[in-house]
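These are the residues of each chain, in order.
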Amino acid sequence: MKPSASLFLALSTATLFLSSPVSNSQGAEAQNEFKPGEIWNDTAGAPINAHGGGFLLHNGVYYWYGELKIGKTWTPESNRSWGGTRVETVGVSCYSSSNLYNWKNEGVALAAVKDDPKHDLYKGKVLERPKVIYNETTSKFVMWMHIDSENYKLAHAGVAVSDSPKGPFHYIESTRPNDSMSRDMTVFKDDDGKAYLFYTSENNQTMHIALLSKDYLKPTSTFVRVFEGRSMEAPSVFKYKGRYYLMASGCTGWAPNAARSAVAENIMGPWKELGNPCIGPEAEITYRGQSAYILKAPGKTDSFIFVGDRWNPHNLQDSRYLWLPIQMTEKGFEVRWHDTWKLEE
Ligand code: DGJ
């Protein structure tokens, strides 16, 4: 039977609609694939500004927290020898999404302090790598972050708390966990509700893992030293089939280097290094990026996503994101480059 002219028209209009970019309610183009390294706009059409990010899945909604990098990049005198460029600290941004492609800007979850140079959140200090976990016992959202002085000599871990995933987070304090330096860090919440702070310590030489208190607000004295003398930064941790996996970078400031991976049967170790999980061109510089977080892909038990930063040290505000699929292997995992990719593939 021949379709009628009106049915034909309806079908061609539908096809045209489906193959055209779909707009969301705010008029910005909706995304349906990842484009690592390219500008990634939020649902209002502005570039996502959430660097060194951390993620939380809560009641079916994904939250992306990150460093807000706005304004001029400059090099403080104290950081000239190692290229430690800076932007003024503005705070921690929060975005929400139901599908990981399209992110709505939920505003500033933790704001910097403009007028008190002694405050940890003072605009002239460093706030990096915010990570948020939810505490089922206290019903609070807990944010951990790297707090530092402009010259990175303070080396503290800071903590803030909120009743809502979108904030506002109330800043509590920063410390050196177990009297040890803490710079790049992440938090990992295990299936049994215990949470751990992974932090680059001992002047960036050795990583520490500290069990957090039951309310997640303090590091406990239960801690281990791992990857001794290996100078690992940018830790990100995930669990697969009962094993713990870690991805991290070497220690070269904003400049990219070869990533490291490791596996452990027990989160407190021993950890076994597995080498660089990246494969192919630019694998030795993590595709010009650095790990920030490893995200479990929605609806799947065996798929993970590498979330990285591609820093622009001369214009930090223009730093980009690298999201790439993780392939689990017999020994560990691999991260391969894709110009574009979709979760459904
Ligand atoms: C490398 C770290 O991974 C980043 O978070 C940041 O602290 C830069 N160093 C600063 O140079």
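Just so you know, these numbers come straight off a predicted model, no measurement behind them.

Procedures and definitions
- Residues numbered from 1 in each chain as written.
- Predicted model: local features only at pLDDT ≥ 70, side-chain atom pairs only at ≥ 80, totals over all residues.
- Heavy atoms only, no water.
- pLDDT = per-residue confidence, 0-100.
- Contact = heavy atoms within 4.5 Å.
- Near = heavy atom within 4 Å.
- Polar contact = N/O pair within 3.5 Å; in protein donor to acceptor, adjacent residues only side chain to side chain.
- Areas by Shrake-Rupley, 256 points an atom, 1.4 Å probe, with all protein chains shown as cover.
- Nonpolar A, V, L, I, M, F, W, Y, C, P; charged D, E, K, R; others polar.
- Helix = DSSP H or I, 4+ residues; strand = E, 2+ residues; numbered from the N terminus.
- Pairing = 2+ DSSP bridges.
- Axes fitted to C-alpha atoms, helices over the stretch in contact; angles between N-to-C directions.
- Core = buried A, V, L, I, M, F, W, Y, C linked by side-chain atoms within 4.5 Å.
- Buried < 20%, exposed > 50% of the residue type's maximum accessible area, 1.4 Å probe, protein only.
- Salt bridge = Lys/Arg side-chain N within 4 Å of Asp/Glu carboxyl O.

## Considering the confidence of the model for the protein chain
Thinking step 1. Scored by pLDDT, the protein chain has a mean of 93; 92% of the residues are at 70 or more.
Thinking step 2. Every residue in residues 1-21 scores below 50 in pLDDT, and together they form 1 contact with partners more than four places removed in sequence or on other chains.

## Focus: the site of the ligand
Thinking step 1. W82, E128, R129, Y152, D184, E233, G253, W254 and Q290 make up every residue found near the ligand.
Thinking step 2. Here D184 contributes a side-chain N or O atom positioned 2.4 Å from an oxygen atom of the ligand.
Thinking step 3. At 2.8 Å from an oxygen atom of the ligand is found a side-chain nitrogen or oxygen belonging to Q290.
Thinking step 4. Taken by itself the ligand offers 290 Å² of open surface, and the protein chains cover 97% of this.
Thinking step 5. Here the residues of the shell around the ligand are counted per class, giving 3 nonpolar, 2 polar and 4 charged.

## Observations regarding unusual backbone geometry
Thinking step 1. In this structure, the amide linkage connecting G167 to the following residue, P168, adopts the cis form with an omega of 5°.
Thinking step 2. Mapped onto the secondary structure, P168 falls in the loop between β7 (156-162) and β8 (170-175).
Thinking step 3. P270 follows G269 through a cis peptide bond whose omega is 5°.
Thinking step 4. Turning to its location among the elements, P270 is positioned in the loop between β15 (260-264) and β16 (271-275).

## Considering the sheet that holds strand β6 (residues 140-148)
Hydrogen bonding along the main chain pairs the strands of a sheet, whether they run parallel or antiparallel.
Thinking step 1. The 4 strands lie next to each other as β5-β6-β7-β8, forming an open sheet whose pairing is antiparallel. Single-partner strands in this sheet number two, and they are β5 (126-135) and β8. With direction set aside, neighbouring strand axes in the sheet form an average angle of 20°.
Thinking step 2. In terms of strand pairing, β7 meets β8 through 5 bridges, oriented antiparallel. Residue pairing across strands places V159 opposite E173, the latter belonging to β8.

## Examining the sheet that holds strand β1 (residues 51-58)
Thinking step 1. Read across the open sheet, the 4 strands follow the order β1-β2-β3-β4; overall the sheet is antiparallel. The open sheet terminates on both sides in strands that have one partner only, identified here as β1 and β4 (104-111). When strand polarity is set aside, the average angle formed by the axes of neighbouring strands in this sheet is 25°.
Thinking step 2. Examined bridge by bridge, strand β3 (residues 89-97) and β4 share 5 bridges and lie antiparallel to one another. Bridging across to β4, S93 finds its partner in V108.

## Quick word on the nonpolar core
Burial of nonpolar side chains together is a common tendency in soluble globular proteins.
Thinking step 1. One finds W64, L100, W103, I305, W323 and V335 to be the most contacted residues of the largest nonpolar core, which totals 38 residues.
Thinking step 2. Every element with two or more residues in this core is listed here: β2 (61-69), β13 (233-240), β14 (243-249), β18 (290-296), β19 (304-310), β20 (320-328) and β21 (333-336).
Thinking step 3. By residue number, the principal contributor to this core is β20, which donates 6 residues.

## Here we look at the pattern of salt bridges
Thinking step 1. What the rule picks out here adds up to 18 salt bridges.
Thinking step 2. In this structure, E202 and R225 form a salt bridge, with 2.6 Å as the shortest nitrogen-oxygen distance. One end of the pair, E202, is in the loop between β10 (195-201) and β11 (206-212); the other, R225, is in strand β12 (residues 219-226), and 23 residues separate them in sequence.
Thinking step 3. Take E202: its relative accessible area is 28%, and that puts it in the partly exposed class.
Thinking step 4. The network of salt bridges with shared partners includes K104, E106 and K166.

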